[in-house]
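# Observations on the model geometry
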Amino acid sequence: MVTKLSNWAGNYTYSSEQVDYPETVEQVQALVKQYDKLRVLGTRHSFNSIADSTEHLISLERFAPAVSINREKRTVSISANVTYGQLCPILHREGFALHNLASLPHISVVGACTTATHGSGVRNRNLASAVSGLELVSADGNLVSLSRKQDGEILNGAVVGLGGLGVVVNLTIDLLPDFEMSQHVYEHLPISQLEQHFDAIISSAYSVSLFTDWQGDSVNQVWLKKRVEDNDSVSATDFFGAKPATRAMHPIGELSADQCTEQLGIRGPWHERLPHFRIDATPSAGDELQSEYFVARTDAVEAILAVSSLREALAPHLLVSEIRTIAADNLWMSPCYHQDSVAIHFTWKQNWPAVSKVLPIIEAQLAPFNAKPHWGKLFTMLPRHVQSRYDKLGDFKHLLHQYDPQGKFRNAFLDTTLFGS
(Lines give C-alpha, C1' and ligand atoms only; values in the text may rest on other atoms or scores of the structure.)
Protein backbone atom coordinates (compact mmCIF):
# COMPACT_ATOMS: atom_id res chain seq x y z
CA MET A 1 0.00 0.00 0.00
CA VAL A 2 1.29 3.44 -0.94
CA THR A 3 1.39 5.91 1.96
CA LYS A 4 0.45 9.45 1.03
CA LEU A 5 2.82 12.25 1.96
CA SER A 6 1.94 14.73 4.67
CA ASN A 7 3.29 18.17 5.48
CA TRP A 8 5.88 19.04 8.14
CA ALA A 9 3.34 19.52 10.93
CA GLY A 10 1.32 16.44 10.01
CA ASN A 11 -1.92 18.39 9.77
CA TYR A 12 -2.27 18.05 6.00
CA THR A 13 -2.10 14.90 3.86
CA TYR A 14 -1.50 15.44 0.15
CA SER A 15 -4.15 14.05 -2.16
CA SER A 16 -2.12 12.20 -4.76
CA GLU A 17 -0.20 8.96 -4.35
CA GLN A 18 1.58 9.68 -7.65
CA VAL A 19 4.85 11.28 -6.52
CA ASP A 20 7.98 11.56 -8.66
CA TYR A 21 11.44 12.38 -7.28
CA PRO A 22 13.51 13.95 -10.07
CA GLU A 23 17.22 14.47 -9.47
CA THR A 24 18.08 16.71 -12.44
CA VAL A 25 16.59 19.58 -14.43
CA GLU A 26 16.26 17.27 -17.43
CA GLN A 27 14.16 14.83 -15.40
CA VAL A 28 11.94 17.70 -14.24
CA GLN A 29 11.47 18.79 -17.86
CA ALA A 30 10.49 15.28 -18.89
CA LEU A 31 7.92 14.99 -16.10
CA VAL A 32 6.42 18.39 -16.90
CA LYS A 33 6.01 17.35 -20.53
CA GLN A 34 4.51 14.02 -19.48
CA TYR A 35 1.79 15.25 -17.10
CA ASP A 36 -1.25 17.43 -17.74
CA LYS A 37 -1.56 18.50 -14.09
CA LEU A 38 1.05 18.63 -11.34
CA ARG A 39 2.31 20.54 -8.30
CA VAL A 40 5.70 20.71 -6.62
CA LEU A 41 6.72 19.86 -3.05
CA GLY A 42 9.78 21.21 -1.27
CA THR A 43 10.32 20.80 2.47
CA ARG A 44 6.51 20.69 2.90
CA HIS A 45 6.34 23.41 5.52
CA SER A 46 3.07 24.95 4.28
CA PHE A 47 0.08 24.30 6.51
CA ASN A 48 -2.61 24.45 3.84
CA SER A 49 -3.31 22.96 0.41
CA ILE A 50 -1.23 25.42 -1.64
CA ALA A 51 1.17 22.69 -2.84
CA ASP A 52 -1.38 19.90 -3.23
CA SER A 53 -2.47 18.05 -6.35
CA THR A 54 -5.14 15.42 -6.88
CA GLU A 55 -3.17 14.06 -9.86
CA HIS A 56 0.64 14.28 -9.80
CA LEU A 57 3.21 15.62 -7.37
CA ILE A 58 6.89 16.31 -7.92
CA SER A 59 9.03 16.22 -4.79
CA LEU A 60 12.38 17.98 -5.05
CA GLU A 61 13.90 16.34 -1.96
CA ARG A 62 16.27 14.23 -4.09
CA PHE A 63 17.11 17.02 -6.51
CA ALA A 64 20.87 17.41 -6.98
CA PRO A 65 21.98 20.10 -4.49
CA ALA A 66 24.13 22.91 -5.85
CA VAL A 67 25.47 26.17 -4.39
CA SER A 68 27.58 28.52 -6.53
CA ILE A 69 28.87 31.88 -5.25
CA ASN A 70 29.74 34.72 -7.63
CA ARG A 71 32.13 36.91 -5.64
CA GLU A 72 32.28 39.68 -8.21
CA LYS A 73 28.50 40.11 -8.41
CA ARG A 74 28.06 39.21 -4.73
CA THR A 75 25.34 36.67 -5.47
CA VAL A 76 24.75 32.98 -4.87
CA SER A 77 22.92 30.57 -7.19
CA ILE A 78 21.24 27.57 -5.61
CA SER A 79 19.29 24.57 -6.84
CA ALA A 80 15.70 23.97 -5.86
CA ASN A 81 16.05 21.69 -2.85
CA VAL A 82 18.62 23.71 -0.87
CA THR A 83 17.47 24.76 2.60
CA TYR A 84 18.59 27.81 4.51
CA GLY A 85 20.19 25.45 7.01
CA GLN A 86 22.37 24.03 4.24
CA LEU A 87 23.10 27.35 2.52
CA CYS A 88 23.92 29.65 5.41
CA PRO A 89 27.02 27.87 6.82
CA ILE A 90 28.51 27.79 3.30
CA LEU A 91 27.95 31.52 2.87
CA HIS A 92 29.41 32.25 6.31
CA ARG A 93 32.55 30.24 5.54
CA GLU A 94 32.99 32.23 2.33
CA GLY A 95 32.53 35.58 4.08
CA PHE A 96 28.97 36.32 2.97
CA ALA A 97 25.51 36.67 4.52
CA LEU A 98 21.83 36.95 3.64
CA HIS A 99 19.94 40.08 4.66
CA ASN A 100 17.48 38.12 6.81
CA LEU A 101 16.14 34.70 7.74
CA ALA A 102 12.85 33.18 8.82
CA SER A 103 12.46 31.80 12.34
CA LEU A 104 13.11 28.27 11.02
CA PRO A 105 16.27 27.56 8.97
CA HIS A 106 14.96 24.11 8.01
CA ILE A 107 12.78 25.36 5.15
CA SER A 108 13.75 25.37 1.47
CA VAL A 109 14.87 28.67 -0.02
CA VAL A 110 12.70 28.26 -3.11
CA GLY A 111 9.59 27.39 -1.09
CA ALA A 112 10.10 30.31 1.28
CA CYS A 113 10.48 32.78 -1.58
CA THR A 114 7.56 31.36 -3.55
CA THR A 115 5.22 32.04 -0.61
CA ALA A 116 6.70 35.42 0.49
CA THR A 117 8.04 34.10 3.80
CA HIS A 118 9.87 36.68 5.90
CA GLY A 119 11.95 37.46 8.95
CA SER A 120 11.71 40.70 10.90
CA GLY A 121 13.14 44.22 10.88
CA VAL A 122 11.79 47.63 9.95
CA ARG A 123 14.38 47.95 7.16
CA ASN A 124 14.34 44.28 6.11
CA ARG A 125 12.21 43.17 3.19
CA ASN A 126 10.95 39.61 2.95
CA LEU A 127 13.27 36.78 1.88
CA ALA A 128 12.10 36.79 -1.74
CA SER A 129 13.18 40.41 -2.20
CA ALA A 130 16.81 39.25 -2.38
CA VAL A 131 16.13 37.14 -5.50
CA SER A 132 17.86 38.69 -8.52
CA GLY A 133 17.22 35.82 -10.92
CA LEU A 134 15.49 32.48 -11.33
CA GLU A 135 15.18 29.53 -13.68
CA LEU A 136 11.95 27.61 -14.02
CA VAL A 137 10.58 24.80 -16.12
CA SER A 138 7.42 26.21 -17.70
CA ALA A 139 4.35 24.24 -18.76
CA ASP A 140 5.81 23.31 -22.16
CA GLY A 141 8.86 21.77 -20.49
CA ASN A 142 11.22 24.53 -21.55
CA LEU A 143 13.71 26.14 -19.20
CA VAL A 144 12.97 29.85 -18.72
CA SER A 145 15.49 32.29 -17.19
CA LEU A 146 14.49 35.61 -15.65
CA SER A 147 16.77 38.25 -14.16
CA ARG A 148 16.28 41.55 -12.40
CA LYS A 149 18.52 43.28 -14.93
CA GLN A 150 16.75 42.04 -18.05
CA ASP A 151 13.23 41.23 -16.86
CA GLY A 152 12.78 43.52 -13.85
CA GLU A 153 9.01 43.85 -13.58
CA ILE A 154 8.33 40.32 -14.83
CA LEU A 155 10.71 38.97 -12.19
CA ASN A 156 8.77 40.97 -9.58
CA GLY A 157 5.69 39.04 -10.68
CA ALA A 158 7.38 35.65 -10.86
CA VAL A 159 9.36 35.46 -7.61
CA VAL A 160 6.33 35.04 -5.34
CA GLY A 161 4.82 32.70 -7.89
CA LEU A 162 2.79 30.46 -5.54
CA GLY A 163 3.89 27.48 -7.64
CA GLY A 164 1.70 28.60 -10.52
CA LEU A 165 4.25 29.55 -13.17
CA GLY A 166 6.27 26.34 -13.29
CA VAL A 167 8.90 24.34 -11.43
CA VAL A 168 11.57 26.70 -10.05
CA VAL A 169 14.87 24.81 -10.32
CA ASN A 170 17.35 27.60 -9.55
CA LEU A 171 17.45 30.92 -7.71
CA THR A 172 20.09 33.66 -7.73
CA ILE A 173 20.16 35.67 -4.50
CA ASP A 174 21.90 38.90 -3.50
CA LEU A 175 24.46 38.65 -0.71
CA LEU A 176 25.83 40.91 2.01
CA PRO A 177 29.26 40.82 3.65
CA ASP A 178 29.38 38.46 6.62
CA PHE A 179 28.42 39.98 9.99
CA GLU A 180 28.01 39.05 13.63
CA MET A 181 24.99 39.48 15.89
CA SER A 182 23.92 39.22 19.49
CA GLN A 183 20.48 38.33 20.82
CA HIS A 184 18.81 39.71 23.94
CA VAL A 185 15.43 38.69 25.35
CA TYR A 186 13.26 40.83 27.63
CA GLU A 187 10.18 39.73 29.53
CA HIS A 188 6.84 41.38 30.32
CA LEU A 189 6.71 44.45 28.10
CA PRO A 190 3.67 46.48 29.25
CA ILE A 191 1.00 46.83 26.56
CA SER A 192 0.75 50.52 27.50
CA GLN A 193 4.40 50.95 26.49
CA LEU A 194 3.75 49.17 23.22
CA GLU A 195 0.87 51.54 22.50
CA GLN A 196 2.90 54.66 23.27
CA HIS A 197 6.28 53.65 21.83
CA PHE A 198 5.56 51.05 19.15
CA ASP A 199 7.85 52.52 16.49
CA ALA A 200 10.73 52.95 18.93
CA ILE A 201 10.35 49.38 20.20
CA ILE A 202 10.26 47.71 16.78
CA SER A 203 13.13 49.89 15.53
CA SER A 204 15.40 49.14 18.48
CA ALA A 205 17.36 46.34 16.76
CA TYR A 206 18.13 44.86 13.34
CA SER A 207 15.39 42.29 13.93
CA VAL A 208 12.69 42.47 16.62
CA SER A 209 10.07 39.88 17.57
CA LEU A 210 7.30 40.24 20.14
CA PHE A 211 5.83 37.05 21.62
CA THR A 212 2.50 37.09 23.43
CA ASP A 213 -0.34 34.83 24.53
CA TRP A 214 -2.67 37.87 24.66
CA GLN A 215 -3.75 36.96 28.20
CA GLY A 216 -2.30 39.74 30.34
CA ASP A 217 -1.44 43.41 30.28
CA SER A 218 2.02 42.76 28.88
CA VAL A 219 3.79 41.14 25.94
CA ASN A 220 5.42 37.96 27.24
CA GLN A 221 8.79 38.35 25.51
CA VAL A 222 10.72 40.75 23.26
CA TRP A 223 13.58 39.27 21.20
CA LEU A 224 16.15 41.81 20.00
CA LYS A 225 18.65 40.64 17.37
CA LYS A 226 21.40 43.25 16.98
CA ARG A 227 24.26 43.52 14.53
CA VAL A 228 27.46 43.79 16.56
CA GLU A 229 28.83 46.62 14.43
CA ASP A 230 25.74 48.72 15.18
CA ASN A 231 27.39 49.33 18.56
CA ASP A 232 24.15 50.37 20.23
CA SER A 233 23.83 49.97 23.95
CA VAL A 234 21.66 47.31 25.55
CA SER A 235 20.20 48.06 28.95
CA ALA A 236 20.91 45.45 31.57
CA THR A 237 17.93 46.49 33.64
CA ASP A 238 15.08 47.83 31.53
CA PHE A 239 13.60 47.95 28.02
CA PHE A 240 10.48 50.12 27.96
CA GLY A 241 9.48 48.55 31.27
CA ALA A 242 10.44 44.99 30.28
CA LYS A 243 13.16 43.22 32.24
CA PRO A 244 16.06 41.25 30.72
CA ALA A 245 15.66 37.49 30.81
CA THR A 246 18.16 35.83 33.13
CA ARG A 247 18.11 32.53 31.23
CA ALA A 248 17.70 31.41 27.63
CA MET A 249 14.04 31.46 26.59
CA HIS A 250 11.79 29.53 24.22
CA PRO A 251 9.01 31.61 22.57
CA ILE A 252 6.59 29.36 24.47
CA GLY A 253 7.84 30.26 27.93
CA GLU A 254 7.32 26.90 29.62
CA LEU A 255 9.30 24.96 26.97
CA SER A 256 13.04 24.30 27.06
CA ALA A 257 15.24 26.71 25.11
CA ASP A 258 17.59 23.92 24.02
CA GLN A 259 16.26 24.17 20.45
CA CYS A 260 16.66 27.96 20.31
CA THR A 261 19.50 30.09 19.01
CA GLU A 262 22.00 31.56 21.50
CA GLN A 263 20.75 34.45 23.64
CA LEU A 264 21.98 36.47 26.65
CA GLY A 265 24.01 38.79 24.41
CA ILE A 266 26.53 36.17 23.30
CA ARG A 267 28.04 37.15 19.95
CA GLY A 268 27.82 34.80 17.00
CA PRO A 269 27.42 34.55 13.19
CA TRP A 270 24.34 36.06 11.59
CA HIS A 271 22.88 32.67 10.65
CA GLU A 272 23.09 31.44 14.26
CA ARG A 273 21.16 34.44 15.63
CA LEU A 274 18.62 35.58 13.01
CA PRO A 275 16.50 32.39 13.20
CA HIS A 276 14.76 31.59 16.48
CA PHE A 277 15.63 27.91 16.20
CA ARG A 278 18.97 26.21 15.70
CA ILE A 279 19.81 24.49 12.44
CA ASP A 280 20.77 21.27 14.24
CA ALA A 281 17.64 21.11 16.43
CA THR A 282 14.07 19.95 15.92
CA PRO A 283 12.21 23.16 15.11
CA SER A 284 9.39 24.85 17.00
CA ALA A 285 6.75 22.99 19.01
CA GLY A 286 6.14 20.37 16.29
CA ASP A 287 2.52 19.37 16.84
CA GLU A 288 0.97 22.70 15.81
CA LEU A 289 -0.97 24.75 13.30
CA GLN A 290 -0.02 28.22 12.07
CA SER A 291 -1.83 31.31 10.78
CA GLU A 292 -0.52 34.77 10.00
CA TYR A 293 -1.98 38.10 8.89
CA PHE A 294 -0.28 41.21 7.50
CA VAL A 295 -1.44 44.78 8.10
CA ALA A 296 0.10 48.15 7.27
CA ARG A 297 2.65 49.22 9.87
CA THR A 298 0.70 52.44 10.37
CA ASP A 299 -2.26 50.32 11.57
CA ALA A 300 -0.20 48.02 13.76
CA VAL A 301 -1.16 49.29 17.22
CA GLU A 302 -4.89 49.37 16.44
CA ALA A 303 -4.70 45.90 14.88
CA ILE A 304 -2.82 44.50 17.88
CA LEU A 305 -5.38 45.97 20.28
CA ALA A 306 -8.19 44.54 18.13
CA VAL A 307 -6.71 41.04 18.44
CA SER A 308 -6.02 41.57 22.13
CA SER A 309 -9.74 42.06 22.71
CA LEU A 310 -10.26 38.43 21.65
CA ARG A 311 -8.18 36.97 24.47
CA GLU A 312 -10.96 34.72 25.79
CA ALA A 313 -11.59 33.22 22.35
CA LEU A 314 -7.85 32.70 21.73
CA ALA A 315 -6.83 31.26 25.09
CA PRO A 316 -7.99 27.63 24.79
CA HIS A 317 -6.37 27.08 21.39
CA LEU A 318 -3.22 29.22 21.22
CA LEU A 319 0.36 28.21 21.93
CA VAL A 320 1.89 31.64 21.21
CA SER A 321 1.66 34.65 18.89
CA GLU A 322 4.55 36.51 17.28
CA ILE A 323 4.49 40.09 16.01
CA ARG A 324 7.11 41.12 13.44
CA THR A 325 7.79 43.95 10.97
CA ILE A 326 8.61 43.67 7.27
CA ALA A 327 9.70 46.48 4.95
CA ALA A 328 7.82 47.22 1.74
CA ASP A 329 8.85 45.43 -1.46
CA ASN A 330 8.00 45.43 -5.18
CA LEU A 331 6.89 41.80 -5.53
CA TRP A 332 3.40 41.58 -6.99
CA MET A 333 1.98 38.84 -4.80
CA SER A 334 3.86 39.72 -1.62
CA PRO A 335 1.61 40.79 1.27
CA CYS A 336 4.09 43.66 1.71
CA TYR A 337 3.86 44.99 -1.85
CA HIS A 338 4.48 48.76 -1.58
CA GLN A 339 3.55 48.65 2.12
CA ASP A 340 5.67 48.59 5.26
CA SER A 341 3.90 45.88 7.21
CA VAL A 342 3.43 44.17 10.53
CA ALA A 343 2.69 40.45 10.66
CA ILE A 344 0.63 38.96 13.48
CA HIS A 345 1.39 35.25 13.66
CA PHE A 346 -0.50 32.55 15.56
CA THR A 347 0.90 29.14 16.53
CA TRP A 348 -2.08 26.98 17.47
CA LYS A 349 -2.61 23.67 19.18
CA GLN A 350 -3.29 21.09 16.50
CA ASN A 351 -7.08 21.12 16.65
CA TRP A 352 -8.34 22.31 13.29
CA PRO A 353 -12.08 22.08 14.07
CA ALA A 354 -11.55 24.52 16.95
CA VAL A 355 -9.06 26.76 15.16
CA SER A 356 -11.30 26.96 12.09
CA LYS A 357 -13.94 28.60 14.28
CA VAL A 358 -11.49 31.13 15.75
CA LEU A 359 -9.93 32.29 12.49
CA PRO A 360 -13.10 33.97 11.11
CA ILE A 361 -13.34 35.94 14.36
CA ILE A 362 -9.74 37.15 14.00
CA GLU A 363 -10.26 37.94 10.33
CA ALA A 364 -13.37 39.97 11.14
CA GLN A 365 -11.42 41.97 13.74
CA LEU A 366 -8.64 42.64 11.23
CA ALA A 367 -10.93 43.37 8.27
CA PRO A 368 -10.87 47.17 8.82
CA PHE A 369 -7.11 47.03 8.29
CA ASN A 370 -7.31 45.10 4.99
CA ALA A 371 -5.33 42.23 6.49
CA LYS A 372 -3.74 39.71 4.13
CA PRO A 373 -3.14 36.07 5.11
CA HIS A 374 0.20 34.32 4.64
CA TRP A 375 -0.03 32.20 1.49
CA GLY A 376 1.33 29.07 3.17
CA LYS A 377 -0.61 29.17 6.42
CA LEU A 378 -4.20 28.56 7.51
CA PHE A 379 -6.97 31.08 6.89
CA THR A 380 -10.70 31.15 6.15
CA MET A 381 -10.94 34.54 4.43
CA LEU A 382 -13.27 34.64 1.41
CA PRO A 383 -11.46 34.60 -1.93
CA ARG A 384 -12.91 37.94 -3.02
CA HIS A 385 -11.52 39.56 0.11
CA VAL A 386 -8.05 38.10 -0.47
CA GLN A 387 -8.15 39.17 -4.11
CA SER A 388 -9.16 42.72 -3.26
CA ARG A 389 -5.94 43.20 -1.27
CA TYR A 390 -3.62 42.67 -4.27
CA ASP A 391 -3.31 45.56 -6.72
CA LYS A 392 -1.26 43.47 -9.16
CA LEU A 393 -3.51 40.39 -9.14
CA GLY A 394 -4.71 41.05 -12.68
CA ASP A 395 -1.15 41.28 -13.94
CA PHE A 396 -0.23 38.12 -12.05
CA LYS A 397 -3.14 36.21 -13.61
CA HIS A 398 -1.91 37.36 -17.02
CA LEU A 399 1.57 36.09 -16.15
CA LEU A 400 0.12 32.72 -15.10
CA HIS A 401 -1.66 32.43 -18.43
CA GLN A 402 1.50 33.43 -20.32
CA TYR A 403 3.66 30.72 -18.76
CA ASP A 404 0.94 28.12 -18.15
CA PRO A 405 -1.92 28.72 -20.62
CA GLN A 406 -3.65 25.39 -19.92
CA GLY A 407 -3.41 25.64 -16.13
CA LYS A 408 -1.06 22.68 -15.73
CA PHE A 409 0.28 24.05 -12.43
CA ARG A 410 -3.03 25.36 -11.09
CA ASN A 411 -4.74 23.45 -8.30
CA ALA A 412 -7.81 23.85 -6.12
CA PHE A 413 -6.04 26.34 -3.86
CA LEU A 414 -5.12 28.69 -6.71
CA ASP A 415 -8.41 28.19 -8.52
CA THR A 416 -10.33 29.11 -5.37
CA THR A 417 -8.12 31.79 -3.81
CA LEU A 418 -7.09 33.67 -6.96
CA PHE A 419 -9.96 32.92 -9.35
CA GLY A 420 -12.91 32.08 -7.05
CA SER A 421 -15.61 34.43 -5.76
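Residues numbered from 1 in each chain as written. Predicted model: local features only at pLDDT ≥ 70, side-chain atom pairs only at ≥ 80, totals over all residues. Heavy atoms only, no water.

Let us look at the overall build of the chain. Scanning the chain from N- to C-terminus turns up 11 helices and 19 strands. Scaling as 2.2 N^0.38, a compact globule of 421 residues should have a C-alpha radius of gyration of about 22 Å, and the chain matches this with 21 Å. Counting only C-alpha atoms and orienting by the principal axes, one finds that the chain spans roughly 65 × 50 × 45 Å. For the chain, the proportion of its 421 residues judged to be buried stands at 57%. For the chain, the computed accessible surface area is about 16,900 Å², with 47% contributed by carbon and sulfur atoms. (Helix = DSSP H or I, 4+ residues; strand = E, 2+ residues; numbered from the N terminus. Rg over C-alpha atoms; globule rule 2.2 N^0.38 Å. Buried < 20%, exposed > 50% of the residue type's maximum accessible area, 1.4 Å probe, protein only. Areas by Shrake-Rupley, 256 points an atom, 1.4 Å probe, with all protein chains shown as cover.)

As a further point, take the layout of surface pockets. Counted as a void, the largest pocket has a volume near 320 Å³. Together, 14 residues line the largest pocket, and Lys73, Thr75, Ser132, Ser147 and Thr172 are the ones closest to its centre. For the lining of the largest pocket, the secondary structure elements donating two or more residues are β4 (67-70), β5 (75-79), β7 (131-137), α4 (148-158) and β9 (167-174). Looking at the lining of the largest pocket residue by residue, the classes come out as 1 nonpolar, 9 polar and 4 charged. (1 Å grid on protein atoms, 1.4 Å probe; cavity = no way out; pocket = protein on both sides within 12 Å on 5 of 7 lines; lining within 4 Å. Points joined across faces, edges and corners; volume = space filled by probe spheres on them. Nonpolar A, V, L, I, M, F, W, Y, C, P; charged D, E, K, R; others polar.)

Okay, the packing of aromatic side chains next. Scanning all chains against the criterion turns up 12 aromatic pairs. Between Trp8 and Phe47, the ring centres sit 6.0 Å apart and the planes meet at 80°, which makes this aromatic pair edge-to-face. Placement of Trp8 in the segment before β1 (19-20) and of Phe47 in the loop between β2 (39-41) and β3 (57-59) is noted, with a sequence separation of 39 residues between them. Classification of Trp8 by relative accessible area gives partly exposed; the value is 29%. A centroid spacing of 5.2 Å and a plane angle of 35° characterise the contact between Tyr186 and Phe239, whose relative ring orientation is tilted. Here Tyr186 is found in strand β11 (residues 180-190), whereas its partner Phe239 is found in the loop between β13 (218-227) and β14 (243-244), with 53 residues between them in sequence. There is no split in this pair, since Tyr186 and Phe239 are both buried. Taken together, Trp214, Tyr293, Phe346 and Trp348 form an aromatic cluster joined through their ring pairs. Above the ring of Phe179, the side-chain terminus of Arg227 is found at 3.9 Å from the ring centroid. One residue, Arg410, lies across the ring of Phe419, its end atom 3.8 Å from the ring centre. (Phe/Tyr/Trp six-rings, centres within 6.5 Å; stacked < 30°, edge-to-face > 60°. Lys NZ or Arg CZ within 6 Å of the ring centre and 35° of its normal.)

What follows covers the packing of α4 against helix α10 (residues 393-403). Between two packed helices, what matters for the description is the angle formed by their axes and the separation of those axes. Contact geometry of α4 with α10 gives a least axis separation of 10 Å together with a crossing angle of 95°. The angle between α4 and α10 falls in the class roughly perpendicular. Across from Ile154, Gly157 and Ala158 in α4, the residues of α10 making contact are Phe396, Leu399 and Tyr403. When grouped by side-chain class, the residues that make up the contact of α4 with α10 number 5 nonpolar, 1 polar and no charged. (Axes fitted to C-alpha atoms, helices over the stretch in contact; angles between N-to-C directions. Parallel < 35°, antiparallel > 145°, perpendicular 65-115°, else oblique. Contact = heavy atoms within 4.5 Å.)

What follows concerns the sheet that holds β3. In space, the 3 strands of this open sheet follow the order β1-β3-β2, with parallel pairing throughout. Among the strands making up the open sheet, the edge pair consists of β1 and β2. (Pairing = 2+ DSSP bridges.)

What follows concerns the sheet that holds β4. In space, the 5 strands of this open sheet follow the order β4-β5-β9-β7-β8, with antiparallel pairing throughout. Of all strands in the sheet, those bounded by a partner on one side alone are β4 and β8 (143-147). Strand-to-strand twist in this sheet, taken as the mean axis angle between neighbours without regard to direction, amounts to 15°. In the sheet, β7 pairs with β9 via 6 bridges, with the strands oriented antiparallel. Residue pairing for β9: Leu134 is matched across the bridge by Leu171. The strands touched by α4 within the sheet are β7, β8 and β9, with β8 carrying the most contacts at an inclination of about 105°.

With the rule as written, the count across this model stands at 11 salt bridges. Residue Arg44 pairs with Glu61 through a salt bridge whose shortest N-O separation is 3.4 Å. Taken together, the residues span a long stretch of sequence, with Arg44 in the loop between β2 and β3 and Glu61 in the loop between β3 and β4 at a distance of 17 residues. What makes Arg44 partly exposed here is its relative accessible area of 21%. Between Asp238 and Lys243 there is a salt bridge, with the nearest N and O atoms lying 3.6 Å from each other. Using a relative accessible area of 46% as the deciding quantity, one classes Lys243 as partly exposed. Among the ionic contacts, a cluster of salt bridges with common partners joins Glu153, Lys392 and Asp395. (Salt bridge = Lys/Arg side-chain N within 4 Å of Asp/Glu carboxyl O.)

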